[in-house]
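Architecture at a glance
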There are 2 protein chains.
Amino acid sequence: MPERTDGNVLRGVIVAALTPLTVRLVPDLERLVDHCRRLLEQGCDGVLCLGTTGEASSLSMEERLAILDGLGEAGLGERLLVGVGCCAVPDTVRLARRAREIGAAGVLALPPFYYKKVTDAGLFASFAAVIEGVADPGLRLYLYHIPQNTGVPLGPRLVQRLHAAYPENVVGVKDSAGDWSYTETLLRLVPGFQVFSGTEEYLRANLRLGGPGCISATFNVLAPLAAQVYREWAGPQGDRLQARLTLLRRAFSQVPMVPALKAIVARQRRDPAWEHVRPPHVPLGEGATSALLENLRTAGLTIP
Amino acid sequence: MPERTDGNVLRGVIVAALTPLTVRLVPDLERLVDHCRRLLEQGCDGVLCLGTTGEASSLSMEERLAILDGLGEAGLGERLLVGVGCCAVPDTVRLARRAREIGAAGVLALPPFYYKKVTDAGLFASFAAVIEGVADPGLRLYLYHIPQNTGVPLGPRLVQRLHAAYPENVVGVKDSAGDWSYTETLLRLVPGFQVFSGTEEYLRANLRLGGPGCISATFNVLAPLAAQVYREWAGPQGDRLQARLTLLRRAFSQVPMVPALKAIVARQRRDPAWEHVRPPHVPLGEGATSALLENLRTAGLTIP
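What counts, and at which threshold
- Residues numbered from 1 in each chain as written.
- Chains lettered and ligands numbered in written order.
- Predicted model: local features only at pLDDT ≥ 70, side-chain atom pairs only at ≥ 80, totals over all residues.
- Heavy atoms only, no water.
- Axes fitted to C-alpha atoms, helices over the stretch in contact; angles between N-to-C directions.
- Helix = DSSP H or I, 4+ residues; strand = E, 2+ residues; numbered from the N terminus.
- Parallel < 35°, antiparallel > 145°, perpendicular 65-115°, else oblique.
- Left-handed = near helix turned anticlockwise from the far one by under 90°.
- Contact = heavy atoms within 4.5 Å.
- Nonpolar A, V, L, I, M, F, W, Y, C, P; charged D, E, K, R; others polar.
- Buried area = accessible area lost by both parts, 1.4 Å probe.
- Polar contact = N/O pair within 3.5 Å; in protein donor to acceptor, adjacent residues only side chain to side chain.
- Buried < 20%, exposed > 50% of the residue type's maximum accessible area, 1.4 Å probe, protein only.
- Pairing = 2+ DSSP bridges.
- Right-handed = clockwise from strand over helix to strand, strands pointing away.
- Salt bridge = Lys/Arg side-chain N within 4 Å of Asp/Glu carboxyl O.
- Least-squares fit on C-alpha atoms with pLDDT ≥ 70 in both.
- Core = buried A, V, L, I, M, F, W, Y, C linked by side-chain atoms within 4.5 Å.

All names here are of chain A. Interaxial distance between helix 1 (residues 29-41) and helix 2 (residues 61-73) falls to 10 Å at its minimum, and their mutual angle equals 50°. Taken together, the axis directions place helix 1 and helix 2 in an arrangement best described as oblique. Like other packed secondary-structure pairs, helix 1 and helix 2 cross with a definite hand, here right-handed. Contacts between helix 1 and helix 2 pair L29, L32, V33 and C36 from the former with A66, I67, G70 and L71 from the latter. Looking at the contact of helix 1 with helix 2 residue by residue, the classes come out as 7 nonpolar, 1 polar and no charged.

As structure tokens, this is what we get:
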């Protein structure tokens, strides 16, 4: 068993990165590398690539592997949490192995999400097959709880059982349900377990309870403020900064997240190519983009 | 535009075939070919391979392609409806092309099922991208309405719009919601459109309304009776036969379908290897299998 590389444990503000696409809707690696670097410069502690926000489920295996190789070659491997969750175990194993090869800090794994009402025994067997398929003691796997997309919640008892069976491999959770009581339950139930909140609304609450921080889509456009909250959450301005961040986050509550974020990045960068999305997403459109920009400005975001 | 090969239009009793697995849980092509042949001998008019019952979402792209090649080499291509629906358009296109190469009668396509609450415009764009990606005027695509698994229903207006845009390619629907009013709405809305019921409970109702028949999982064990209903539905015994078939179908209403069917086939064939399932499914287990067998015998099924 190798030593834990604690220097590479994920903490803080992790951005669930968008995947820019060309006009032919294929991944635009150059823009992606540039985007990841900017976000790290803006204070993000890590980048989740190939997550829900990254439209990973709309990309083929080959496209996902090419993205990992590209990010690895750009020297970004160690800053990455890699979304690897597929419906088929062999696919998840393949992505997780590639993530390890590029030196990623961890992988984020959905449960198989086609079949519903499956048993905890079946979900346990599925994650166990992934871990044993990767067969790498250095694998650091985070469970991805996002029932609004999967229809397959990961209950605290299942999470606890997986961590107990694979304490070195099952190291945390991303709670994208935005359910604070779930996050809190898990943080108290499994001490030292890395339960990330999936919305920055709970960034400060998460840190206050000894949690590792937050993995969020909206950091694609809110990274500088989020990084400030992470630095100063315990200081005299912590409360005010968190309130400002929460207000900005809520501006996204009524829009489809991926097209909305791409529309805002396109405005921030003055680069309309950023608006491309793969179906089933559709671009946000001019009217909705203007309304969202107005809401974000009202909430305090400076956009050129 | 080539002529329609009406001799190969799917009609009648189409079995959603199970995928047998080896003890290492990899697809067992020999058992699969044997199973498909038996079902056709028992009177099935066609075989849906790589559907929900076939655990397709638990198989990698390579495993699915190998299955298609194997079924093609076994001379079964023309009897096949092939499940091709993936979350990513390029994957769906790849499977659909392979299905065409082996001479399959049609393909059955799920909507992308990871993102929820997507727009009809996004779903239309997704199916359009598949059809234009396959770029084959002979493609006969069936839309797979199974919201209990996808969380993404295909509303009648979307179906109608797709058929209107691609009348030669979008030729039907599989209604696995088991919602007769949905089937009926579509059969009346788009004359000549092939709306298959996803449960044999509605086989006779479907045929009576001019529908093409039924695609069902339970035909894996109920094929002979189903074939008899299809032959005699309009005759004096039609009502009685349908009632018997319905009763048998309902014996499966309280069990997980894939493990239950595999357990019954294992008993029918005296071949325990048939019980293997991939996670997140788990084997049905001895007690539940015995209870199910008892219910099936009570409902009139002869099992050795």
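So, on to the interface of chain B and chain A. Contact residues are listed per partner, giving 40 residues for chain B and 40 residues for chain A. Taken over both partners, the interface formed by chain B and chain A buries close to 2900 Å², and the fraction arising from carbon and sulfur atoms is 62%. In terms of surface lost to chain A, no three residues of chain B exceed B:Y114, B:Y115 and B:P280, which account for 29% of the buried area on that side. At the boundary of chain B with chain A, the tally comes to 12 residue pairs in polar contact (both at pLDDT 80 or more).

So, on to the pairing of strand 4 (residues 106-109) of chain A. All names here are of chain A. Side chains of strand 4 alternate between two faces, with G106 and L108 and V107 and A109 buried alike. Bridge count between strand 3 (residues 80-83) and strand 4: 3 bridges; the pairing is parallel. Across the sheet, residue G83 finds its bridge partner in strand 4, namely L108. At this point the chain moves from strand 3, through helix 3 (residues 89-101), to the parallel strand 4, and the crossover so formed is right-handed.

What follows is about the pattern of salt bridges. Two side chains of opposite charge can pair, provided their charged atoms sit close to one another. All names here are of chain A. Here the structure, examined in full by the defined rule, presents 27 salt bridges over all chains. In this structure, E55 and K262 form a salt bridge, with 2.6 Å as the shortest nitrogen-oxygen distance. With E55 in the loop between strand 2 (46-49) and helix 2 and K262 in helix 11 (residues 257-269), this pair connects stretches of sequence that are 207 residues apart. An identical accessibility class is assigned to E55 and K262; each is buried. Across the salt bridge formed by R98 and D69, the nearest N and O atoms sit 2.9 Å from each other. With a gap of 29 residues between them, R98 in helix 3 and D69 in helix 2 connect regions that are remote in the sequence. On the basis of relative accessible area, D69 is assigned to the partly exposed category, the value being 28%. Because the salt bridges share partners, they merge into one network encompassing D28, R31 and D271.

Superposition record for chain B on chain A: RMSD 0.0 Å, screw rotation 180°, translation along axis 0.0 Å. Both copies of the chain, as the preceding transformation shows, are related through a two-fold rotation axis. The position closest to the rotation axis in chain B is occupied by the C-alpha of B:G151, lying 3.9 Å away. Interface residue correspondence from chain B to chain A reaches 100%, placing this contact among same-surface, isologous pairings.

Grouped together as the largest cluster of nonpolar side chains are 127 residues, with contacts concentrated most on B:L71, B:V82, B:L143 and B:L296. If sequence neighbours within four positions are ignored, B:L296 has contacts with B:L248, B:A251, B:F252, B:I264, B:L301 and B:I303. Core analysis: the next-biggest nonpolar cluster, separate from the first, contains 90 residues, A:C44, A:L76, A:A217 and A:L301 among them.

None of this, on its own, says anything about what the molecule does.
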